[in-house]
Amino acid sequence: MGLFDKYETLINQTETVRSKGQVIRVQGLMVESQGPICKIGECCTIFLPGGKTAQAEVIGFNEKRVQLMPLTDISGIVPGCEVYAKGHYLEVLVGDELLG
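Every value quoted in this text rests on a predicted model; they were computed, and no experiment measured them.

V23, I46, L68 and I77 are the most contacted members of the largest nonpolar core, which totals 16 residues. Counting only elements with at least two residues in this core, the list comes to strand 3 (42-47), strand 4 (53-62), strand 5 (65-70) and strand 6 (82-89). Broken down by element, the residue count for this core peaks at three residues, all from strand 4. Setting aside residues no more than four positions away along its own chain, V23 makes contact with V31, E32, S33, I46, I77, V78, P79, G80, C81 and V83.

This is the structure in structure tokens:
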């Protein structure tokens, strides 16, 4: 292990730029926001009133709006909630334990 390995790991895990948006509409299960800058399939965090968060995936775009499909409970989402792009896609770890 090199002298600076732990610092390099810490730097690689640090989120240096956050792309931010704002919820403008909720219709059924779909949430629309103005921003953030993101890609189809990217994960986002929605900050709800009271300090709670909800996770969502980018499923499309409509003009300049981002369409999000929630992955967690969205009760409490209101227009104006902040939306942050995580910069990565949803991942599920798999291993030998899943083999039948």
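G35 connects to P36 through a cis peptide bond whose omega is 5°. Tracing the backbone shows P36 in the loop between strand 2 (30-34) and strand 3. Positive phi, close to 60°, is recorded for E63, a residue that is not glycine. With respect to the helices and strands, the residue E63 is situated in the loop between strand 4 and strand 5. Owing to a relative accessible area of 80%, E63 belongs among the exposed residues under this scheme.

Our next topic: the sheet that holds strand 5. The strand order around the closed barrel built from six strands is 1-2-5-4-3-6, with neighbouring strands paired in antiparallel fashion. Across the sheet, the axes of successive neighbouring strands diverge by a mean angle of 45°, strand direction being ignored. Pairing between strand 1 (residues 20-27) and strand 2: five bridges, direction antiparallel. Counterpart to Q27 in the pairing with strand 2 is M30.

Another aspect to go through is the packing of aromatic side chains. Taken as a whole and judged by the stated rule, the model has two aromatic pairs. When the centroid spacing of 6.4 Å and the interplanar angle of 50° are considered together, the rings of F4 and Y7 count as tilted. Note on F47 and Y84: the rings are 5.5 Å apart at their centroids and 90° apart in plane angle, and the pair reads as edge-to-face. Of this pair, F47 sits in strand 3 while Y84 sits in strand 6, placing them 37 residues apart in sequence. F47 sits in the partly exposed class, given a relative accessible area of 32%.

What follows concerns the confidence of the model for the protein chain. Regions with low pLDDT should not have their predicted coordinates read in detail. The share of residues in the protein chain with pLDDT of 70 or more is 94%, and the mean pLDDT across the chain is 88. By mean pLDDT, helix 1 (residues 5-13) is the weakest element of the protein chain at 79, and strand 5 is the strongest at 96.

Turning our eyes to something else, we now look at the pattern of salt bridges. Applying the stated criterion across every chain yields a total of three salt bridges. Between E82 and K20 there is a salt bridge, with its nearest N and O atoms 3.1 Å apart. Placement of E82 in strand 6 and of K20 in strand 1 is noted, with a sequence separation of 62 residues between them. On the accessibility criterion, E82 (30% relative accessible area) is partly exposed. In this structure K20 comes out as partly exposed when scored by relative accessible area, which is 49%.

What counts, and at which threshold
Residues numbered from 1 in each chain as written. Predicted model: local features only at pLDDT ≥ 70, side-chain atom pairs only at ≥ 80, totals over all residues. Heavy atoms only, no water. Core = buried A, V, L, I, M, F, W, Y, C linked by side-chain atoms within 4.5 Å. Buried < 20%, exposed > 50% of the residue type's maximum accessible area, 1.4 Å probe, protein only. Helix = DSSP H or I, 4+ residues; strand = E, 2+ residues; numbered from the N terminus. Contact = heavy atoms within 4.5 Å. Pairing = 2+ DSSP bridges. Axes fitted to C-alpha atoms, helices over the stretch in contact; angles between N-to-C directions. Phe/Tyr/Trp six-rings, centres within 6.5 Å; stacked < 30°, edge-to-face > 60°. pLDDT = per-residue confidence, 0-100. Salt bridge = Lys/Arg side-chain N within 4 Å of Asp/Glu carboxyl O.

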